[in-house]
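Okay, here's what each chain looks like letter by letter:
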Number of protein chains: 2
Amino acid sequence: MRRPDETDSEFLRTYDPDAYERPSVAVDVVLLSVRDGRMCTLLVRRKERPQAGRWALPGGFVGIQESLESAAQRVLRAKAAIEDNVFVEQLYTFGEPERDPRMRIISVAYVALVPFELQATAGSAEPDRSVSTVGIPWHGATGGAVELRDSDGRIMKTAFDHADIVGMAVKRIRGKLDYTPIGFQLLPETFTLRQLQRVHEVIQDQPVNKDSFRRRMLASGHLEATGERQRDVEHRPAELYRFIKRSAV
Amino acid sequence: MRRPDETDSEFLRTYDPDAYERPSVAVDVVLLSVRDGRMCTLLVRRKERPQAGRWALPGGFVGIQESLESAAQRVLRAKAAIEDNVFVEQLYTFGEPERDPRMRIISVAYVALVPFELQATAGSAEPDRSVSTVGIPWHGATGGAVELRDSDGRIMKTAFDHADIVGMAVKRIRGKLDYTPIGFQLLPETFTLRQLQRVHEVIQDQPVNKDSFRRRMLASGHLEATGERQRDVEHRPAELYRFIKRSAV
DNA sequence: AAGCATATATGCGCAATGCATCTAACGCAA
DNA sequence: TTGCGTTAGATGCATTGCGCATATATGCTT
């Protein structure tokens, strides 16, 4: 499929690929987690110009023979020590001509969801603390730029249009939450219904009715009771569940 | 905002933008309409190699100082004679290294929705009939490649990965239909509830309950009765409605 | 004038949701 | 050991939205 026919191959030898000036293409990854009742994302302090010192999403240029997916995975491995088992989805492509002062850079943004524990270990492995997580404040319906703050509540200066990219990521995940089972991506392999509910509440920034949430989740067929229960909690321990892929209907 | 500071400007003079080999970036537009109870999209017969003779989405390379949105609008104007008032939304970016045999071309796909009447007049204005509309057959849940057929039901050979792009567009629009008012984008300025229902049925490929559809639409606050009614129909004429943007809550 | 086709309104049963109540199971302190 | 606080999890009920059936309205056609 999609293989050029004979005459096409002839043609390709004479085709001039330099007819147009080309932009650079990069990927940026929004690595979202939920920590202490807030959303957070991984940012890297820029060491080089332009905008040295500002906080940027982990990213990198796309190799000339590298797929966009692979580039995103590579960035995750290199800058966040995150392996391939996490949820990664293409988000949006940002291409305003002036978004980077160096040159025309078109950035294909990806969202990844990981349990905070993974992101924390990845971050602490970085000795120079250039990796940090930030909370995302929550003004109702989002979609535009977002204010990013460090753990002390101070606003972090973000690079380029990366605050817009994070805003778009939050909007996307919030929208998907209602009709796609992705909340569990932000939790350990086994989790309680209460924990899952809190994830939903944080993402939507509004309380969720406990009973109907339980009913919906259990009726969805995506959850499977493990038979295990919580340990060392000061109250009745809750059942631990596991996500299961629903077989094709 | 996002303006480089003094030291950055200095740095930019010495920055070498040619450190990486760069891909070409293009936009392709899926121009969807509903005609005779089927979805259809605009395809252009390729005159040049590679894949001359195959049917492709209207598209073009992104200018080095042109935003992605502008490029999509330019393609719509040039190849479909469609003006700016239509719904256009970025869809997905396709970047497999081998998707185009010429060279690495990353394509940012857009979806546009227009009433079929507009697409028809645009197509007929093209004298060489290189512009055509096709129906999209419907195998349940979509997302992957799609078979495209001409008005006689013959399968049309599509170029590159454009059948995948159309599949993605259909999936996106189908998904958005439930929680976003976009169906009216495929209808004239005033329309009956029945026409809107048919649009929904075609996009979802399943019948919609008439009464609850009416109730939902009227309760949504997006529709406004014009006071006018259909003319020259063989039965009781239906009220004509108009879409209204709901004021911000 | 009669008939036909579709629009529009109304009433009812079912299923999902929100809410309140009740019981179960753990740690903790006296 | 016993009582208490806390959260899990189950049950019952009112409300809401939806599917479905029915009845009426209003145009055109013959």
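Residues numbered from 1 in each chain as written. Chains lettered and ligands numbered in written order. Predicted model: local features only at pLDDT ≥ 70, side-chain atom pairs only at ≥ 80, totals over all residues. Heavy atoms only, no water.

Asker: Requested: an account of the pattern of salt bridges, with residues and values cited.
Answerer: Oppositely charged side chains can pair when the atoms bearing their charge come close. Counted by the stated rule, this structure contains 18 salt bridges over all chains. A salt bridge links Arg-242 of chain B to Glu-189 of chain B, with the nearest nitrogen and oxygen atoms 3.9 Å apart. With Arg-242 of chain B in strand E10 (residues 239-243) and Glu-189 of chain B in the loop between helix H4 (162-177) and strand E8 (190-191), this residue pair connects regions lying 53 residues apart in the sequence. For Glu-189 of chain B, a relative accessible area of 62% puts it in the exposed group. Members of the salt-bridge network, linked through shared partners, are Glu-89, Arg-172 and Lys-176 of chain A. (Salt bridge = Lys/Arg side-chain N within 4 Å of Asp/Glu carboxyl O. Helix = DSSP H or I, 4+ residues; strand = E, 2+ residues; numbered from the N terminus. Buried < 20%, exposed > 50% of the residue type's maximum accessible area, 1.4 Å probe, protein only.)

Asker: Explain the relation of the copies chain B and chain A residue by residue, including any values.
Answerer: Each copy superposes on the other: chain B lies on chain A with an RMSD of 0.1 Å after a rotation of 180° and an axial shift of 0.0 Å. Those values place the two copies in the arrangement expected of a two-fold rotation axis. In terms of C-alpha distance to the rotation axis, chain B has Arg-22 of chain B as its closest residue, with the C-alpha 3.1 Å off the axis. Taken together, the interface assignments show that 100% of the residues at the interface of chain B recur at the interface of chain A, consistent with an identical surface on both copies. (Least-squares fit on C-alpha atoms with pLDDT ≥ 70 in both. Contact = heavy atoms within 4.5 Å.)

Asker: Describe in detail the interface of chain B and chain A, supporting the description with residues and values.
Answerer: With 45 residues of chain B in contact, the opposing surface of chain A contributes 45 residues. Summed over both partners, the interface of chain B with chain A comes to about 4,200 Å²; 58% of that surface belongs to carbon and sulfur atoms. Linking chain B with chain A are zero salt bridges. Inspection of the region where chain B meets chain A yields 10 residue pairs in polar contact (both at pLDDT 80 or more). When grouped by side-chain class, the residues that make up the side of chain B that touches chain A number 22 nonpolar, nine polar and 14 charged. (Buried area = accessible area lost by both parts, 1.4 Å probe. Polar contact = N/O pair within 3.5 Å; in protein donor to acceptor, adjacent residues only side chain to side chain. Nonpolar A, V, L, I, M, F, W, Y, C, P; charged D, E, K, R; others polar.)

Asker: Can you explain the sheet that holds strand E8 (residues 190-191) of chain A? Please cite residues and give values.
Answerer: Residues and elements named next belong to chain A. Read across the sheet, three strands follow the order E8-E10-E9 without closing on themselves; strand pairing throughout is antiparallel. The two strands at the open ends of the sheet, each matched to only one other strand, are E8 and strand E9 (223-229). The pairing of E9 with strand E10 (residues 239-243) spans four bridges and is antiparallel. Bridge pairing links Leu-223 to Phe-243 in E10. (Pairing = 2+ DSSP bridges.)

Asker: Can you explain the protein's contact with DNA strand D? Please cite residues and give values.
Answerer: In the vicinity of DNA strand D lie 20 residues, with Glu-239 of chain A together with Ser-212, Arg-215, Val-233 and Arg-236 of chain B positioned nearest. Here DNA strand D approaches the protein such that, of its atoms within 4 Å, sugar and phosphate make up 63%. Between DNA strand D and the protein, one listed contact pairs a base nitrogen with a side-chain N or O atom of Arg-236 of chain A at 3.1 Å. Between a phosphate oxygen of DNA strand D and a main-chain N or O atom of Glu-239 of chain A, the distance comes to 2.5 Å. Secondary-structure elements contributing two or more residues to the surface near DNA strand D are helix H6 (210-220) of chain A together with helix H6 (210-220) of chain B. Its residues assigned to classes, the surface near DNA strand D shows three nonpolar, four polar and 13 charged. (Near = heavy atom within 4 Å.)

Asker: Outline the packing of H4 of chain B against helix H5 (residues 193-204) of chain B, supporting the account with residue identities and numerical values.
Answerer: Residue and element names in this part refer to chain B. In contact at an axis separation of 9 Å, H4 and H5 are set at 130° when each is read in the N-to-C sense. In this view, H4 runs oblique relative to H5, as classed from their interaxial angle. Relative to H5, H4 is oriented so that their crossing is left-handed. Contacts from Ile-173, Arg-174 and Leu-177 in H4 reach His-200, Ile-203 and Gln-204 in H5. When its residues are assigned to classes, the contact of H4 with H5 shows three nonpolar, two polar and one charged. (Axes fitted to C-alpha atoms, helices over the stretch in contact; angles between N-to-C directions. Parallel < 35°, antiparallel > 145°, perpendicular 65-115°, else oblique. Left-handed = near helix turned anticlockwise from the far one by under 90°.)

Asker: Can you break down the packing of aromatic side chains residue by residue, with the values?
Answerer: Think of a pair of aromatic rings as described by two things: how far the centres are apart, and how the planes are tilted against each other in angle. Residue and element names in this part refer to chain A. What the rule picks out here adds up to five aromatic pairs over all chains. A ring pair is formed by Tyr-92 and Phe-94, whose centres lie 5.2 Å apart and whose planes are at 65°; its orientation type is edge-to-face. Judged by its relative accessible area of 22%, Tyr-92 falls in the partly exposed class. What makes Phe-94 buried here is its relative accessible area of 10%. (Phe/Tyr/Trp six-rings, centres within 6.5 Å; stacked < 30°, edge-to-face > 60°.)

Asker: Got a sec to walk through the pairing of strand E5 (residues 87-94) of chain A? Specific residues and values, please.
Answerer: Residue and element names in this part refer to chain A. Buried residues dominate E5, accounting for seven of its eight residues. Of the pairings in the sheet, the one linking E5 to strand E6 (residues 105-113) comprises seven bridges and is antiparallel in character. Bridge pairing in E6 links Phe-94 to Ser-107.

Asker: Help me get a handle on the protein's contact with DNA strand C, residues and values and all.
Answerer: The local shell around DNA strand C holds 19 residues, among which Ser-212, Arg-215 and Arg-236 of chain A together with Lys-210 and Glu-239 of chain B are the closest. Expressed as a percentage, the sugar and phosphate content of the atoms of DNA strand C within 4 Å of the protein is 61%. In the environment of DNA strand C, a phosphate oxygen lies 3.2 Å from a nitrogen or oxygen atom belonging to the side chain of Arg-214 of chain B. Between a base nitrogen of DNA strand C and a side-chain N or O atom of Arg-236 of chain B, the distance comes to 3.1 Å.

Asker: If you had to explain the pairing of strand E1 (residues 24-35) of chain B to someone new, which residues and values would you point to?
Answerer: All names here are of chain B. Most of E1 sits out of view: 11 of its 12 residues are buried. Strand direction decides the pairing type here: E1 and strand E6 (residues 105-113), joined by nine bridges, are parallel. By the bridge assignment, Val-25 is partnered in E6 with Ile-106. Here E1 pairs with strand E4 (residues 59-61) via three bridges, running antiparallel. Directly across from Ala-26, in E4, lies its bridge partner Phe-61.

Asker: Could you give an account of the sheet that holds E10 of chain B, naming the residues involved and the relevant values?
Answerer: With respect to topology, three strands assemble into an open sheet ordered E8-E10-E9 (chain B), the strand pairing being antiparallel. Edge positions in the sheet fall to E8 and strand E9 (223-229) of chain B, since each of these pairs with one other strand and no more.

Asker: Which residues make up H4 of chain B, and what values do they have?
Answerer: All names here are of chain B. Given a rise of 1.5 Å per residue, 16 residues ought to cover 22 Å, and the 23 Å separating the end C-alpha atoms of H4 matches this to within 8%. Of all 16 residues that make up H4, 12 are buried, and the element is covered over most of its length. Every buried residue of H4 is listed here: His-162, Ala-163, Ile-165, Val-166, Gly-167, Met-168, Ala-169, Val-170, Ile-173, Arg-174, Lys-176 and Leu-177. Against E1, strand E2 (38-45), strand E3 (55-56), strand E5 (87-94), E6 and H5 lie the buried residues of H4. (Expected span 1.5 Å × (residues − 1).)

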